[in-house]
Every structure is written in C-alpha cells, then in structure tokens.
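Chain by chain, the residues run as shown.
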Amino acid sequence: MAGLSIGQVAERTGLSVHTLRFYEQEGLLAQPVQRGATGRRVYSEGDVDWLGVCIRLRASGMPLTDIRRYTELVRAGQGNEAERLEVLREHQERVLARMRELDGCLKLITNKVAVYEGRLGLRDDIPECTP
C-alpha cells in the first residue's frame, strides 16, 4: 500500500508523532488511518490535507471538541452542511472578536514603543502617554 508513514506526515505537517496519534485517538481525522501489511499507519494525501485544516482550526483557537464535532459532521457526509456552517460561523465570530481585542492591544503597544523610542531619542514625534 503506497502512502506516507507517521514520521513523514509529522515532518510535512509540523505535528509530532505523539500529536498525530492523539488526533487519531480523539477522532479528529476525517477518515480512519489505513494500516499497512505490518500494521503500521499509512497516511494518504487526503489525510495530510485534512490535518492541515485541523492545524489551522487549532491555531485559530478552535477547541478540540468543536474540531471533533466538525470532523464528525464531515465524516457523516452530505446533508448536514447547515450544521457545519453553524460550527464554522460560531468559531469565525470568536476569531473576529479575538482579532478586535488583539488590535486594541497592538495599538497600545505601538503607542508605548513610540513613547520609549522618543524618550531614547530614536524618533522625533513623541506621543504623550503614561508609562
């Protein structure tokens, strides 16, 4: 059976072998991982693509329970697109709220950097701000 070993998938995705096994145990893969004649895991390109989705969802802060729910819906096939959309929209709102929060944080930090650069003579336009 042609495919990728768990080590190759770890290298391609940046996930550890331990994390890949964990994702499989937690039901986060869209399809069951195939096994070769020796019983070793054999991943497909589709598995790697799906892991890319999971990595992005995790990086954006989606809880594992929500990723699992989304995966279950995908695994179930057509007919539940409205539910998938709901999972994604809810997460989209959380991400947008976090981005707004981070934007406010970045503005404060940028202002503070400008203040200290001004105090150190690294810039002429010194905004007034408390320490």
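Residues numbered from 1 in each chain as written. Predicted model: local features only at pLDDT ≥ 70, side-chain atom pairs only at ≥ 80, totals over all residues. Heavy atoms only, no water.

Peer 1: Looking at this structure, how should I read the pattern of salt bridges?
Peer 2: With the rule as written, the count across this model stands at eight salt bridges. The closest approach of N and O atoms between Arg41 and Glu24, which form a salt bridge, is 2.5 Å. Here Arg41, found in strand β2 (residues 41–42), pairs with Glu24, found in helix α2 (residues 17–25); they are 17 residues apart in sequence, far enough to count as distant. Among the residues examined, Arg41 registers a relative accessible area of 19% and is labelled buried. Salt-bridge contacts for Asp103 lead to Lys107; the nearest nitrogen and oxygen are separated by 3.2 Å. Placement of the pair is Asp103 and Lys107 together in helix α5 (residues 81–119), with a separation of four residues, close to one helical turn. Residue class for Asp103 comes out partly exposed when judged on its relative accessible area of 37%. Note on Lys107: relative accessible area 56%, which makes it exposed. (Salt bridge = Lys/Arg side-chain N within 4 Å of Asp/Glu carboxyl O. Helix = DSSP H or I, 4+ residues; strand = E, 2+ residues; numbered from the N terminus. Buried < 20%, exposed > 50% of the residue type's maximum accessible area, 1.4 Å probe, protein only.)

Peer 1: Teacher, can you tell me more about α5 here?
Peer 2: For an α-helix, the turn length of 3.6 residues means that residues three or four places apart are oriented alike. In a regular helix each residue adds 1.5 Å, so 39 residues correspond to 57 Å; α5 covers 56 Å between its end C-alpha atoms and thus fits that length. Buried residues along α5 sit against α3 (45–59) and α4 (64–76). Backbone geometry just after α5 places Gly121 at a positive phi near 75°. (Expected span 1.5 Å × (residues − 1). Contact = heavy atoms within 4.5 Å.)

Peer 1: Before we go on, may I ask you to explain the packing of aromatic side chains in this structure?
Peer 2: Centre-to-centre distance and the angle between the planes together describe a pair of aromatic rings. Under the defined criterion, the tally for this structure stands at two aromatic pairs. Arranged with centres 6.4 Å apart and planes meeting at 55°, the rings of Phe22 and Tyr23 form a pair that is tilted. Since its relative accessible area comes to 7%, Tyr23 is described here as buried. Judged by centre distance (5.9 Å) and plane angle (15°), the ring pair of Trp50 and Tyr70 falls under stacked. Pair noted here: Trp50 is in helix α3 and Tyr70 is in helix α4, with a separation of 20 residues, a long-range link. Classification of Trp50 as buried rests on a relative accessible area of 13%. (Phe/Tyr/Trp six-rings, centres within 6.5 Å; stacked < 30°, edge-to-face > 60°.)

Peer 1: Looking at this structure, how should I read the nonpolar core?
Peer 2: One broad rule of soluble globular proteins: the nonpolar side chains tend to lie buried together. Grouped together as the largest cluster of nonpolar side chains are 22 residues, with contacts concentrated most on Val9, Leu20, Tyr43 and Leu51. Breaking this core down by element, the ones donating at least two residues are α1 (6–13), α2, α3 and α4. Not counting chain neighbours up to four residues away, the residues in contact with Leu51 comprise Val9, Thr13, Leu15, Leu20, Tyr23 and Leu29. (Core = buried A, V, L, I, M, F, W, Y, C linked by side-chain atoms within 4.5 Å.)

Peer 1: Please clarify how the environment of Arg56 should be interpreted in this entry.
Peer 2: Inspection of the secondary structure assignment puts Arg56 in helix α3. Here the alpha-carbon distance between Arg56 and Leu85, two residues 29 residues apart in the chain, equals 17 Å.

Peer 1: Would you mind going over a nonpolar patch on the surface with me for this structure?
Peer 2: Where nonpolar side chains cluster on the molecular surface, the patch consists of Leu108, Ile109 and Val113 and spans about 270 Å² of accessible area. Within the element layout of this structure, Leu108 appears in helix α5. (Patch = residues over 30% accessible without salt bridge, like charges linked within 9 Å, V, L, I, M, F, W, Y side chains within 5 Å. Areas by Shrake-Rupley, 256 points an atom, 1.4 Å probe, with all protein chains shown as cover.)

Peer 1: Would you mind showing me how to read the side chain of Asn80 here?
Peer 2: Checked against the element boundaries, Asn80 lands in the loop between α4 and α5. What makes Asn80 buried here is its relative accessible area of 7%. There is a polar contact of 3.5 Å between the side chain of Asn80 and the backbone oxygen of Gly77. Engagement of the side chain of Asn80 in a polar contact is seen with the side chain of Arg84, the distance being 2.7 Å. (Polar contact = N/O pair within 3.5 Å; in protein donor to acceptor, adjacent residues only side chain to side chain.)

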